[in-house]
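Listed below are the residues making up each chain.
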Amino acid sequence: QFPFGRRLPCDIYWHGVSFRDNNIFSGQVNKFPGMMETVRKITLSRAMRTMQDLFPLEYNFYPRSWILPEELPLFVSEVRRLKDCDPSWKPTFIVKPDGGCQGDGIYLIKDPSDVRLTGSIQSRPAVVQEYICKPLLVDKLKFDIRLYVLLKSLDPLEIYIAKDGLSRFCTEPYQEPSLKNLHQVFMHLTNYSLNIHSGNFIHSDSVNTGSKRTFSSILCRLSSRGADVKKLWSDIISLVIKTIIALTPELKVYYQSDIPAGKPGPTCFQILGFDILLMKNLKPVLLEVNANPSMRIEHEQELSPGVFENVPSPVDEEVKVAVIRDTLRLVDPQKKKRKDPHFGTFFPASYHVMYNIEKKLWGPSQAHPSVIVFCRCQSVEQVPEASEELPDAGPAPDAPKNAEAALPSLCLKQVFPKYAKQFSYLRLVDRVAALFIRFLGVKGTTKLGPTGFRTFIRNCKLSNSNFSMAAVDILYIDITRRWNSMGIDHKESGNPGMCLQAFVEAFFYLAQKKYKSLPLHEQVASLLEFCECHLDALPRKRLVCDCD
């Protein structure tokens, strides 16, 4: 552990919370810049709404959402309209604070007038969503699924999904929401951090029983009842890929800001936690994405009043150890070899760490580190000083001579680019983001200035007698001012320029103006082709000069 960072170069850096090290010029980091901001509830909802506008059927796995307080009037009017259209519709809504975690601040309401405007709604914005009233139940209990997804690369996009996950159960039998039970969190909220305080929470030594089980045990149970488990997995894979596609445009903007092209810097990967709910008809619904899913493999057990000890959790260990071990196997830098002093054979240094994980040497007593560093593989002649050694590999006699052969098959399954052909048509906003980044001009920024926006319009030949440069300036000012007034949590919140979401809105406006008779996704695709065609014919040198 290096709580204050490390100066010597390494192959893999494992940060505890977020990407925040400006002194890393090589190797790989287990966090993407901007990931925490990108998967926050409001930012995620905005990204999913953009995709729902373009592809409503493909993105119907994310609940209808509104952002508070700015969209409260819209929320009220839309609910009123929907009720007028269908008087039998009796909705329930769930309110989630934007920066909340572990169930903090979440509550259910039956009517928009029940939103708690008192207190901190202005200082603590939230997302309100339509609540899924008919979830799949097991043993009469509501549950959700935590799936682990490895984003191994952003460009080119490379995604892996763990073959097993966790099923986290509520601790009171489920009933459809009513005014009498809205407050019963142990019935409606699946958060482990909440339900563990319930007297009904069951810690089990079996992965098939208790309040936390493996997802594979649920699949086996569903399969025994005749459910189409293969289709369910296919739907989950589709949900994950589509969600990542929705997130990548914003991530690419952060990435080029923190790790500008042409400058030395690390590559990134990250393990994400996808929280998914299954409806009664087995349709998966995305609840949220976690940038820092818990990797604890133990829980606290009270031995006597006020006296606790950490006890291993077989379910967590079964799933999480495999995810971390196989992530290290996949990012192992060029499978470098080194002479190992214990075993007298060559194999990658990171396999020592994997073997330690398998031997459970990172036990419950370990604190959560701010950063763990896996040292650069070295030859016998380059044995590091004591202060620079790898974590102790532990006793060697029973360790395998071929560490790779001793490891189980990978638990992480590649889903992209494996299924890229099926989903590439969805990556329209990715191409819009590429235009945005191209016209930023100044490296390290995430907002587009008025000169950059005018250069974009001019180089793409989008101004004419019906859309003058004066109208371009008005469009820029109106959209930028409105987005900046929303108080988005952004690394350049003080910069008055145009953020990516504002640019996407402006681009959609231009597409609708130019191609009036087409559906939105065809309008956007047509304008992208128009812009890219003009830019391909433009000398790159002139473009850079104009942006500067």
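A quick note: this is a predicted structure, and the numbers were derived from the prediction, not measured.

Reading the values: rules and limits
Residues numbered from 1 in each chain as written. Predicted model: local features only at pLDDT ≥ 70, side-chain atom pairs only at ≥ 80, totals over all residues. Heavy atoms only, no water. Helix = DSSP H or I, 4+ residues; strand = E, 2+ residues; numbered from the N terminus. Buried < 20%, exposed > 50% of the residue type's maximum accessible area, 1.4 Å probe, protein only. Areas by Shrake-Rupley, 256 points an atom, 1.4 Å probe, with all protein chains shown as cover. Disulfide = S-S within 2.5 Å. Salt bridge = Lys/Arg side-chain N within 4 Å of Asp/Glu carboxyl O. Axes fitted to C-alpha atoms, helices over the stretch in contact; angles between N-to-C directions. Parallel < 35°, antiparallel > 145°, perpendicular 65-115°, else oblique. Left-handed = near helix turned anticlockwise from the far one by under 90°. Contact = heavy atoms within 4.5 Å. Nonpolar A, V, L, I, M, F, W, Y, C, P; charged D, E, K, R; others polar. Pairing = 2+ DSSP bridges. Core = buried A, V, L, I, M, F, W, Y, C linked by side-chain atoms within 4.5 Å. Domains from an automatic or database assignment. Expected span 1.5 Å × (residues − 1). pLDDT = per-residue confidence, 0-100. Phe/Tyr/Trp six-rings, centres within 6.5 Å; stacked < 30°, edge-to-face > 60°. Lys NZ or Arg CZ within 6 Å of the ring centre and 35° of its normal.

> Is there a simple way to explain the overall build of the protein in this structure?
When its secondary structure is counted, the protein shows 17 helices and 18 strands. Within the span of the protein, comprising 548 residues, buried residues form 52% of the whole. Summed over all atoms, the accessible surface of the protein reaches about 25900 Å², with 54% contributed by carbon and sulfur.

> How should I be thinking about the state of the cysteines in this particular structure?
Working definition: the covalent bond between the sulfur atoms of two cysteines is a disulfide. Evaluation of the coordinates by the stated rule reveals zero disulfides. The thiol sulfur of C533 is not disulfide-bonded, and the nearest other cysteine sulfur, from C531, lies at 10.0 Å.

> Honestly, the pattern of salt bridges in this entry has me stumped. Any pointers?
Where charged atoms of side chains with opposite charge meet at close range, the side chains can pair. What the rule picks out here adds up to 24 salt bridges. Two residues, D139 and R221, come together in a salt bridge whose shortest N-O distance is 2.5 Å. Placement of D139 in the loop between strand 7 (137-138) and strand 8 (141-153) and of R221 in helix 6 (residues 215-224) is noted, with a sequence separation of 82 residues between them. In this structure D139 comes out as partly exposed when scored by relative accessible area, which is 41%.

> Which parts of the structure should I look at to understand the packing of helix 14 (residues 469-484) against helix 15 (residues 500-514)?
Relative orientation and spacing of two packed helices are given, respectively, by the angle between their axes and the distance between those axes. The interhelical angle for the contact between helix 14 and helix 15, taken along N-to-C directions, is 140°, at an axis separation of 9 Å. One way to sum up the angle between helix 14 and helix 15 is to call them oblique. Judged by the sense of rotation from one axis to the other, the crossing of helix 14 with helix 15 is right-handed. Counting all contacts with helix 14, which are made through L475, I479, R482 and W483, the residues of helix 15 involved are Q501, A502, E505, A506, Y509 and L510. When the residues that make up the contact of helix 14 with helix 15 are grouped by side-chain class, the tally is seven nonpolar, one polar and two charged.

> What is the right way to read the sheet that holds strand 4 (residues 93-97) from this model?
In a beta sheet, neighbouring strands pair by backbone hydrogen bonds and run either parallel or antiparallel. Here we have four strands laid out as an open sheet, ordered 3-6-4-5, and antiparallel in their pairing. Each having just a single partner strand, strand 3 (65-68) and strand 5 (107-109) make up the two edges of the open sheet. For this sheet, the mean inter-axis angle between neighbouring strands, taken without regard to orientation, is 25°. Running at roughly 145° to strand 3, helix 3 (residues 72-85) makes contact with strand 3, strand 4, strand 5 and strand 6 (126-130) of the sheet.

> Explain the nonpolar core to me, please; I cannot follow it from the model alone.
In a soluble, globular protein the nonpolar side chains are often hidden away together inside. Among the nonpolar cores identified, the biggest contains 97 residues, and F274, F453, F456, F503, F507 and V524 are the most heavily contacted of them. With 14 residues, the top contributor of residues to this core is helix 7 (residues 229-258). Residues lining this core come from more than one domain, with at least three contributed by each of domain 1 (12-63 + 132-337) and domain 2 (425-542). Excluding residues that lie within four positions of it along the chain, F503 makes contacts with V432, L435, F436, L448, F453, F456 and M498.

> Sorry if this is basic, but what is going on with the pairing of strand 16 (residues 307-312) here?
Successive residues of a regular strand alternate their side chains across the two faces of the sheet. As defined by bridge partners, strand 15 (residues 298-304) adjoins strand 16 across six bridges and the pair is classed as antiparallel. Looking at strand 16, one finds that H299 is bridged to V311.

> Would you explain helix 15 in this entry?
Residues lying three or four places apart along an α-helix face the same way, a consequence of the helix completing one turn every 3.6 residues. The end-to-end C-alpha separation of helix 15 is 21 Å, in line with the 21 Å expected for 15 residues at 1.5 Å each. Residues of helix 15 that are buried sit in contact with helix 2 (41-54), helix 7, helix 12 (428-438), helix 13 (450-459), helix 14 and helix 16 (520-536).

> Just to check I follow, could you spell out the environment of S178 for this structure?
Along the chain, the position of S178 falls in the loop between strand 10 (166-169) and helix 4 (185-188). With relative accessibility at 28%, the residue S178 sits in the partly exposed group. Taking C-alpha positions, S178 is 8.0 Å from K110, a pair spaced 68 residues apart along the chain.

> Even after reading the chapter, I still don't get the confidence of the model for the protein, so can you show me in this structure?
In regions of low pLDDT, the predicted coordinates are not meant to be interpreted in detail. In this model, the protein carries an average pLDDT of 83, and 79% of its residues clear a pLDDT of 70 or more. Strand 9 (residues 158-162) holds the highest mean pLDDT among the elements of the protein, 98, whereas helix 9 (residues 350-358) holds the lowest, 46. Here residues 337-369 scores under 50 on pLDDT; set against residues more than four positions off or in separate chains, the count is 87 contacts.

> Hey, could you run me through the packing of aromatic side chains in this one?
The description of an aromatic ring pair uses the distance of the two centres, along with the angle that the planes make with each other. In this structure the tally under the stated criterion is 19 aromatic pairs. Centroid distance F456 to F503: 5.1 Å. Interplanar angle 65°. Geometry classified as edge-to-face. Separated by 47 residues along the polypeptide, F456 in helix 13 and F503 in helix 15 bring together distant segments of the chain. Just as F456 is buried, F503 falls in that class too. What links up through ring pairs into an aromatic cluster is the set F436, F439, F453, F456, Y476, F503 and F507. The ring of F530 carries the charged tip of K514 above its face, separated from the ring centre by 4.3 Å.

> Explanation requested: the environment of G34 in the structure shown.
Along the chain, the position of G34 falls in the loop between strand 2 (28-29) and helix 1 (35-38). G34 sits in the buried class, given a relative accessible area of 12%. Setting aside anything within four residues of it in sequence, one finds G34 in contact with L251 and Y254.

> What am I meant to see in unusual backbone geometry here?
It is generally the case that most residues other than glycine have a negative phi and that most peptide bonds are trans. Backbone torsion omega between L68 and P69 reads 5°, so that peptide bond is classified as cis. Relative to the helices and strands, P69 is located in the loop between strand 3 and helix 3. For K140, which is not a glycine, the phi torsion comes out positive at approximately 65°. Among the secondary structure elements, K140 is positioned in the loop between strand 7 and strand 8. The exposure class of K140 is exposed, given its relative accessible area of 66%. With a phi close to 75°, L282 is a non-glycine residue in the positive phi region. Among the structural elements, L282 can be located in the loop between strand 13 (270-278) and strand 14 (284-290).

> Hey, could you run me through the pairing of strand 10 in this one?
Going residue by residue along strand 10, you find L166 and R168 tucked away on one face and S167 and F169 tucked away on the opposite face as well. Where strand 8 and strand 10 come together, four bridges link them in antiparallel fashion. Residue pairing in the sheet places D144 in a bridge with R168 of strand 10. Where strand 10 and strand 11 (residues 212-214) come together, three bridges link them in antiparallel fashion. Note on strand 11: the bridge partner recorded for S167 is R213.

> How should the packing of helix 6 against helix 7 be read in this particular structure?
Relative orientation of the contacting elements helix 6 and helix 7 amounts to 140°, with a least axis distance of 10 Å. Taken together, helix 6 and helix 7 sit at an angle that is classed as oblique. Each of F215, L219, L222 and S223 in helix 6 lies in contact with helix 7, whose residues at this interface are V229, L232, W233 and I236. Looking at the contact of helix 6 with helix 7 residue by residue, the classes come out as seven nonpolar, one polar and no charged.

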